[in-house]
Amino acid sequence: MERNYLGTHSSLGWDPRPGGFTCAVASQPTPRDHRRVRIAIVGKRERKGGVGGGEHRKAQSGEHKRVAAPIRPSPSARPLLVRFHSKKNKIIILQLAMSTVSDTSLRNGSLGNNSFRSESFSEEKDMGLVREAGCLSIIVLGASGDLAKKKTFPALFHLFQQGFLQENDVHIFGYARTKLSDDDLRERIRGYLGKVVSTENVEILSKFLQLIKYVSGSYDSEEGFQLLDMQVSEHETSKNSQPGTSRRLFYLALPPSVYPSVCTMIRRHCMNQSDLGGWTRIVVEKPFGKDLESAEDLSAQLGELFDEKQLYRIDHYLGKELVQNLLVLRFANRFFMPLWNRDNIDNIQIVFREDFGTEGRGGYFDEYGIIRDIIQNHLLQVLCLVAMEKPVSLKPEHIRDEKVKVLQSVLPIKPEEVVLGQYEGYKNDPTVSDSSNTPTFATAVLRIHNERWEGVPFILKAGKALNSRKAEIRVQFKDVPGDIFKSKKQGRNEFVIRLQPSEAMYMKLTVKKPGLQMSTIQSELDLSYGLRYQDVKIPEAYERLILDTIRGDQQHFVRRDELRVAWEIFTPLLHSIDEGQLKPISYKPGSRGPAEADELLAKAGYVQTHGYIWIPPTLA
C-alpha cells in the first residue's frame, strides 16, 4: 500500500481508519517549507519501533492508534527516514524526499548518523525505497581473466571508494579454474586499481583487497560450486543475516560458451532464498550468441534456470554518461521536441572508430567481426535511445518497451546499403586465418518505418585501425529553405554528441563572421564536460551498471525480446558475410576506411562539412 502527501515541515497526518497513524516531523523551519512525503506499507501494522524516543502502541482491529515519532530539528533541511519493523516480514517506511537529495549527498554521509551509504534499494522509484537489509555477496566468475581484472574489480573498487559498497556489508568472491590463494588474486588485481598516492587511499585499497576471497574450481564442477556456496554462506552467517534476506550477485566475466553450465551450477548449489527480501542476480556479458538462432538457444537455456528479472544482460555502452543523457536531452528540453523528426532531420550517424587493430585479440575478433562486436549491440542500443518515442514513465519496463518498438520498425538491411572493409595486415596475426572474410570495418544504413523517421537514414559505422579514435552521434539537419545568405556551401546544422573521448555536446550553426562585412561562418554552441564540470569525476560505465544491478534497476540492461529483435535485424547480413557472399574491401591502416563508405554516406544524404573542425576547448 502506498500514499503520497504534501505536508508542512512540522507535521504529517494519515488516518486510513481502522488503525491509522500520525507522525510528527521537525526540521529547520522555513516559510512554506512543503515537502513531498512517500509512505510505503508492506504487510500488517507493527507492534513497536520508531525513532527519537517515539512509541507505537499495540494496534488492535477496529481501533485508531497513533505513532508519535519526534525528530530533533536539523541544522539544514534533510531527508528523514522513519522505520518501523518487527521480527516478522512486515515493514513500514516513511521517507521525506527532497529534490536536493543526490547520490553525492548520500555518499558523503550528509544525512548524519543515519547515512544511507550502505543501503541498496529495490524498485526504488516504485516502492518507496524499501530497504534490502541482508548482507551483499558479489561473486566474480572468471576472476583471473582480463575482463575481471581490467573492468569488474576496478569498478567494484571505485564503488567501495565512493561509499556505495560498505566494508561491514559486502564481501567479494573470485571464482576461476586457476589455482590461486586469496593473496595471489589480490596481488593480481592490485595493479589495475589505479594510482594510490595518499595515505588515505592506501588504507582504502587495503580494506578493499581484504574483502576479496578466492575459490578455485571448474565451471561444470559440483564440488567447486558447493565450496563456493559454503564460503558465501559463512560470510552471510558472520554478518548475522537472517535466512532469505542476504543478496547474491553473480558476475559472469566469462565466454558465453560456458554460461549454461555455470548458470546450472549456480541454480543447483548457490541460490539464495528469496522469500524474505533476499535475491540472486546474474550479470552476463556480451556477446549474447552469434546470430538469432544461437542467441535464442542461449536465452532459452538461461530462461529455464532464472526469471527475466534475475538476468542482467550488460552492454557497457548503456552505462556511458552521454548515452544515459540521451533521454534527458530528448524529453526534458522543449526545443528538441518539434525538431526531432523527419521534417527537420536529414540523416543520423552513430560512429565508433578506433585507431588501433585487434592487437592480440585476433583469434577472438576473427570469430565475431566488427558487426557482432560493436554494431549489433553498442551502436544499435544507442540508435534505440535516439529514435524511441517518449516512454510513459522512467520505469525500466516502459523504457525497454519503447526500445523494442523501434527495433521492430527497422526494415531489412539492403546489401547495397552496406560497405565492409578489412585493414591491410589483419591476416598477419598468426591467430587469424589466411582466408578470413571477417570485416574490421562496416558501414550500414538502417531505415525505420514509422511516422517519425520514415525516410531518415540511420548510418551505423564502426571500424578498427582508422585515423582517429572516437564514438559519437551526429544528427544532421536539412538545408535551410529559401537561404538568403547562400551559406549552404559552409555546411548544414548538426547536433553532435561526443561519447568518447572528451565527452561533449555541441551544435554546429551558421553565424555572422565578425567584422564589417556581412559574411557568414560556421561555429558551435559547445558543452564540453571537462570544462563545464571540472570538479566532477565521470564514473566508468561498469560502475553505474553494477550499482544498478545491486539496486535492481534493469533500465540499462537488454531484455530478452529486445535481444531477439536486434538479432533479427542483422542475422541475414551476417550469414551473407559468413557464407562469403559479401566481401570486405581492403583499406590502409590509419585511413578513413574504404572510400566506398564515404560514397555510401553521400548517397544516403550526408553532406560533409569542409573547412570546419571542432576543437575541444581547454582551460588555457
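Keep in mind that this is a model prediction, so the values were computed, not measured.

Novice: Can you explain the pairing of strand β19 (residues 441-447)? Please cite residues and give values.
Specialist: Summarising burial for β19: 6 of the 7 residues are buried, a large majority. Looking at chain direction, strand β18 (residues 418-423) and β19 are connected through 4 bridges and run antiparallel. For Val419, the partnering residue across the bridge sits in β19 and is Thr443. Across 7 bridges, β19 lies against strand β20 (residues 457-463) in antiparallel orientation. Residue Thr443 lies in a different strand from β20, and its bridge partner there is Lys461.

Novice: Lay out the packing of helix α11 (residues 396-408) against helix α14 (residues 560-578) with the relevant residues and their values.
Specialist: At a minimum axis separation of 9 Å, α11 and α14 run at an interaxial angle of 20°. By the criterion of interaxial angle, the relationship of α11 to α14 is roughly parallel. Classified by chirality, the crossing of α14 by α11 is left-handed. Across the interface between the two elements, Arg400, Lys403, Val404, Leu407 and Gln408 of α11 pack against Asp561, Glu562, Val565, Ala566 and Ile569 of α14.

Novice: How would you sum up the sheet that holds strand β14 (residues 247-252)? Please name residues and give values.
Specialist: Across the sheet, which stays open at both edges, the 7 strands sit in the order β13-β12-β11-β14-β15-β16-β25 with mixed pairing between neighbours. Both edges of this open sheet fall to β13 (212-216) and β25 (557-558), since each of them pairs with a single strand only. In terms of strand pairing, strand β11 (residues 136-141) meets β14 through 6 bridges, oriented parallel. What sits directly across from Leu141, in β14, is Leu252.

Novice: Give me the lowdown on the pattern of salt bridges, citing residues and values where you can.
Specialist: In total, this model carries 30 salt bridges according to the counting rule given. The salt bridge involving Glu543 is made with Lys537; its shortest N-O contact spans 3.7 Å.

Novice: Just give me the short version of helix α3 (residues 182-190), but keep the residues and values in it.
Specialist: For α3, the set of buried residues is Leu185, Arg186 and Ile189. Along the axis of α3, the buried positions cluster into a sector of 100°, meaning they face one direction only.

Novice: Give a detailed account of unusual backbone geometry, specifying residues and quantitative values.
Specialist: Looking along the chain, the bond that leaves Lys286 and enters Pro287 is cis, with omega of 0°. Along the chain, Pro287 falls in the loop between β15 (279-285) and α7 (292-305). Omega for the bond connecting Gln500 with Pro501 falls within 30 degrees of zero, at -20°, which places this linkage in the cis form. Following the sequence through the fold, Pro501 ends up in the loop between β22 (494-500) and β23 (504-512). Despite not being glycine, Ala465 shows a phi value in the positive range, around 55°. With respect to the helices and strands, the residue Ala465 is situated in the loop between β20 and β21 (470-477). Residue classification places Ala465 among the buried positions, given a relative accessible area of 5%. The phi dihedral of Ser502 is positive, around 50°, even though this residue is not glycine.

Novice: Lay out the sheet that holds strand β17 (residues 345-353) in plain terms, naming residues and giving numbers.
Specialist: In space, the 9 strands of this open sheet follow the order β24-β23-β22-β21-β17-β20-β19-β18-β26, with mixed pairing throughout. Two strands close off the open sheet at either side, each with one partner strand: β24 (520-528) and β26 (585-587). Going across the sheet, the axis of each strand differs from the next one's by a mean of 20°, ignoring polarity. When β23 meets β24, the two strands line up antiparallel, connected through 9 bridges. For Lys508, the partnering residue across the bridge sits in β24 and is Glu524. Against the sheet, helix α10 (residues 362-387) touches β17, β18, β19, β20 and β21, its axis set at about 145° to β20.

Novice: Explain the packing of aromatic side chains to me, and be specific about the residues and the numbers.
Specialist: In this structure the tally under the stated criterion is 17 aromatic pairs. Plain terms: the ring middles of Tyr175 and Tyr219 are 6.1 Å apart, the flat faces sit at 50° to each other, and that makes the pair tilted. With Tyr175 in strand β12 (residues 170-176) and Tyr219 in the loop between β13 and α5 (222-238), the pair connects residues that are 44 residues apart, well separated along the chain. The side chain of Arg281 reaches across the aromatic face of Trp279, ending 3.8 Å from its centre. One cation-aromatic arrangement involves Lys290 over Tyr368; the distance from NZ or CZ to the ring centre is 5.6 Å.

Novice: Lay out the environment of Phe208 in plain terms, naming residues and giving numbers.
Specialist: Here Phe208 is to be found in helix α4 (residues 199-210). Along the primary structure Phe208 and Phe160 are separated by 48 residues, whereas in three dimensions their C-alpha atoms are 7.1 Å apart. Setting aside residues no more than four positions away along its own chain, Phe208 makes contact with Phe153, Leu156, Phe157, Phe160, Ile172 and Leu193.

Calculation notes
- Residues numbered from 1 in each chain as written.
- Predicted model: local features only at pLDDT ≥ 70, side-chain atom pairs only at ≥ 80, totals over all residues.
- Heavy atoms only, no water.
- Buried < 20%, exposed > 50% of the residue type's maximum accessible area, 1.4 Å probe, protein only.
- Helix = DSSP H or I, 4+ residues; strand = E, 2+ residues; numbered from the N terminus.
- Pairing = 2+ DSSP bridges.
- Axes fitted to C-alpha atoms, helices over the stretch in contact; angles between N-to-C directions.
- Parallel < 35°, antiparallel > 145°, perpendicular 65-115°, else oblique.
- Left-handed = near helix turned anticlockwise from the far one by under 90°.
- Contact = heavy atoms within 4.5 Å.
- Salt bridge = Lys/Arg side-chain N within 4 Å of Asp/Glu carboxyl O.
- Arc of directions from axis to C-beta.
- Phe/Tyr/Trp six-rings, centres within 6.5 Å; stacked < 30°, edge-to-face > 60°.
- Lys NZ or Arg CZ within 6 Å of the ring centre and 35° of its normal.

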